[in-house]
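Coordinates in review
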Amino acid sequence: MSEPVAEGWLTTDEAGALTGYGAPYVRQLIGHGRVQARRVGRIWLVNQASLLAYQAEMERLGTAKHDPRRRWTGSE
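How each quantity is defined
Residues numbered from 1 in each chain as written. Predicted model: local features only at pLDDT ≥ 70, side-chain atom pairs only at ≥ 80, totals over all residues. Heavy atoms only, no water. Pairing = 2+ DSSP bridges. Helix = DSSP H or I, 4+ residues; strand = E, 2+ residues; numbered from the N terminus. Axes fitted to C-alpha atoms, helices over the stretch in contact; angles between N-to-C directions. Contact = heavy atoms within 4.5 Å.

**Description of the pairing of strand S2 (residues 37-40)**
Pairing geometry for S2 and strand S3 (residues 43-47), over 4 bridges, is antiparallel. If you follow Ala37 over to S3, its bridge partner there is Val46. Between S2 and S3, which pair antiparallel one after the other, the connecting turn spans 2 residues, and Gly41 there sits at a positive phi close to 65°.

This is the structure in structure tokens:
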């Protein structure tokens, strides 16, 4: 993408490069409401702060993120 994106917002490719997640996984996070995003034309823009907060939470949880009894509340 050659046009600049608004500050604090990333394309799914940029979000993947920043976090190490693949672009399809970033789109999955968007679809499940785990990160804030908005659609502009044909592309998704991800809020950088919400993405980094999600990544930090997953790192904090470690293997507990795979516990089937844990429920996602969006505020963890």
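**With respect to the sheet that holds S2**
Neighbouring strands of a sheet are bound in pairs by backbone hydrogen bonds; such pairs are parallel or else antiparallel. If you trace the 3 strands from one edge of the open sheet to the other, you get S1-S3-S2, paired in antiparallel fashion. In this open sheet, the two edge strands, each paired with only one partner strand, are strand S1 (9-11) and S2. Sheet twist, expressed as the average angle between the axes of neighbouring strands with direction ignored, equals 35°. Against the sheet, helix H1 (residues 12-19) contacts S1 and S3, and its axis sits at roughly 100° relative to S1.

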